[in-house]
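Each chain, written out:
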Amino acid sequence: MADLKQFAEQLVNLTVKEVNELATILKDEYGIEPAAAAVVVSGGGEGAAAAEQTEFTVVLKEAGASKLAVVKAVKELTGLGLKEAKDMVDGAPTNVKEGVSKDEAEGLKKALEEAGAVVELK
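Basis of the calculations
- Residues numbered from 1 in each chain as written.
- Predicted model: local features only at pLDDT ≥ 70, side-chain atom pairs only at ≥ 80, totals over all residues.
- Heavy atoms only, no water.
- Axes fitted to C-alpha atoms, helices over the stretch in contact; angles between N-to-C directions.
- Helix = DSSP H or I, 4+ residues; strand = E, 2+ residues; numbered from the N terminus.
- Parallel < 35°, antiparallel > 145°, perpendicular 65-115°, else oblique.
- Left-handed = near helix turned anticlockwise from the far one by under 90°.
- Contact = heavy atoms within 4.5 Å.
- Nonpolar A, V, L, I, M, F, W, Y, C, P; charged D, E, K, R; others polar.
- Pairing = 2+ DSSP bridges.
- Core = buried A, V, L, I, M, F, W, Y, C linked by side-chain atoms within 4.5 Å.
- Buried < 20%, exposed > 50% of the residue type's maximum accessible area, 1.4 Å probe, protein only.
- Arc of directions from axis to C-beta.
- Expected span 1.5 Å × (residues − 1).

Contact pair helix H5 (residues 67–78) / helix H6 (residues 82–90): the axes reach a minimum separation of 8 Å and the direction vectors enclose 120 degrees. Looking at the two axes, H5 sits oblique to H6. The chirality of how H5 crosses H6 is right-handed. Where H5 abuts H6, its residues Lys67, Val70, Val71, Val74 and Lys75 lie against Leu82, Ala85, Lys86, Met88, Val89 and Asp90. Of the residues that constitute the contact of H5 with H6, the class distribution is 7 nonpolar, no polar and 4 charged.

Moving on, we come to the sheet that holds strand E3 (residues 118–121). Spatial strand order, E2-E1-E3: 3 strands in an open sheet with antiparallel pairing. In this open sheet, the two strands that pair with only one neighbour each are strand E2 (94–100) and E3. Geometrically, the sheet is characterised by an average inter-axis angle of 20 degrees between neighbouring strands, direction not taken into account. The pairing of strand E1 (residues 56–62) with E2 spans 4 bridges and is antiparallel. Residue pairing in the sheet places Val59 in a bridge with Asn95 of E2.

So, about the nonpolar core. Formed by 19 residues in total, the largest nonpolar core has its most connected members in Val58, Val70, Val74, Val89 and Leu112. Put simply, the parts of the chain that give this core at least two residues each are E1, H5, H6, E2 and helix H7 (102–115).

Right, let's get into the environment of Val74. Tracing the backbone shows Val74 in helix H5. The class for Val74 is buried, based on a relative accessible area of 0%. Measuring from C-alpha to C-alpha, the distance between Val74 and Ala117 comes to 10.0 Å, with 43 residues separating the pair along the chain.

Turning to H6, its buried residues number three or more, namely Ala85, Met88 and Val89. The buried residues of H6 occupy an angular sector of 95 degrees when projected down its axis, which confines them to one face. Contacts from the buried residues of H6 go to E1, H5 and E2.

Looking now at H5. For H5, with 12 residues, the first-to-last C-alpha span of 16 Å sits near the 16 Å given by 1.5 Å per residue. Those residues of H5 that sit buried are Val70, Val71, Ala73 and Val74. In a view along the axis of H5, the buried residues occupy a sector of 165 degrees, so they form one face of it. Counted as exposed and oriented over 90 degrees from the buried face of H5: Leu68 and Glu76. Buried residues belonging to H5 abut E1, H6 and H7. One or two residues past the end of H5 sits Gly79, with phi positive at roughly 80 degrees.

As structure tokens, this is what we get:
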């Protein structure tokens, strides 16, 4: 059991470069796709920067008290028609936009919150 604990300690202390090399070896030699590699790295100091999120999803949690203003904002921000924007707001929680940059996501969030909506970035 001590060997497994030591092995776990070695994994946790890997650098970003070493984790990438390990991922390549697991994929090429063993056919294993190590999707959790970023999770292991994020525990280390170097890994925090490497695991920084670059794409965001803007989620409309609820329309709030000013539903009409939120429908108008969704229509303007997404380019949807009035009916589609209303359906999106009525269907909350729903994704307004996916795979957008941090700046764009924060801008969308601010505009929707100013209209009265409750918004979350994922």
